Amino acid sequence: MRLDEAELDLHSEGHGLVLRAGGRWLVATADALDRALHQLDGLSAGTRLRIDLAGVERLDTVGAWLVLRTRRELEARGVVTSLENVSADFAPLLQQVAKGEPTVPEELRPHGLVEALLSAIARVGESTVRAMLSGRDV
């Protein structure tokens, strides 16, 4: 499945499934990727899923978050997952995002991933401005 400049291909292989990711996993493709990844919600406990990142050309923080969020949610439902073919260029980003993996508050989820991330960034900016203004007034 081609989603703008990102790709997903799910197929069976051996005794499990392989999700081949390709293209650009960036904030620009995040909304389409998020919808496509939620199609995996139907996988049952005990299913083995290999997430193959060999075809990923570009990966930003949002793309890394999508990979890790999907893996975490599937594992919580009993799907056995593994990440494969993570390029040396992307491994540090995935590790960093995994350390501080953000969660999107439930009340923001219906608005879509991109809107939720933008809303979170706006709240941080507003808090920063308020703190700067209160410091100026002291």
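Summary of the structure given here. Model, not experiment: these values are computed from the prediction.

Looking at the overall build of the chain
Move 1: Secondary structure assignment for the chain yields four helices and five strands.
Move 2: The N-to-C order of helical and strand elements in the chain reads β-β-β-α-β-α-β-α-α.
Move 3: In the chain, 73% of the contacts between residues at least 6 apart in sequence involve partners at least 24 apart.

With respect to helix α1 (residues 30-37)
Move 1: With six of its eight residues buried, α1 lies for the most part within the structure.
Move 2: Those residues of α1 that sit buried are A30, A32, L33, D34, A36 and L37.

A closer look at the environment of A28
Move 1: Inspection of the secondary structure puts A28 in the loop between β3 (16-25) and α1.
Move 2: Judged by relative accessible area, A28 falls into the exposed class, the value being 68%.
Move 3: Expressed as a C-alpha distance, the spacing of A28 and D60, which sit 32 residues apart in the sequence, is 10.0 Å.

Some details on the side chain of T81
Move 1: Secondary-structure assignment places T81 in strand β5 (residues 80-84).
Move 2: Looking at T81, its side chain comes within polar contact range of the side chain of E75, at 2.6 Å.
Move 3: In contact with T81, other than residues within four places in its own chain, are L49, R71, L74 and E75.

Focus on the pattern of salt bridges
Move 1: For the structure shown, the criterion picks out ten salt bridges.
Move 2: The shortest N-O distance in the salt bridge between D34 and R69 comes to 2.8 Å. One end of the pair, D34, is in helix α1; the other, R69, is in helix α2 (residues 61-76), and 35 residues separate them in sequence. In this pair, the class of D34 matches that of R69, namely buried.
Move 3: A salt bridge links R50 to E84; the nearest nitrogen and oxygen atoms lie 2.9 Å apart. Residue R50 is located in strand β4 (residues 48-59), and its partner E84 is located in strand β5; the two are separated by 34 residues in the primary sequence.
Move 4: Connected via shared salt-bridge partners are E13, R20, R50, D52 and E84.

Analysis parameters
- Residues numbered from 1 in each chain as written.
- Predicted model: local features only at pLDDT ≥ 70, side-chain atom pairs only at ≥ 80, totals over all residues.
- Heavy atoms only, no water.
- Helix = DSSP H or I, 4+ residues; strand = E, 2+ residues; numbered from the N terminus.
- Contact = heavy atoms within 4.5 Å.
- Buried < 20%, exposed > 50% of the residue type's maximum accessible area, 1.4 Å probe, protein only.
- Polar contact = N/O pair within 3.5 Å; in protein donor to acceptor, adjacent residues only side chain to side chain.
- Salt bridge = Lys/Arg side-chain N within 4 Å of Asp/Glu carboxyl O.

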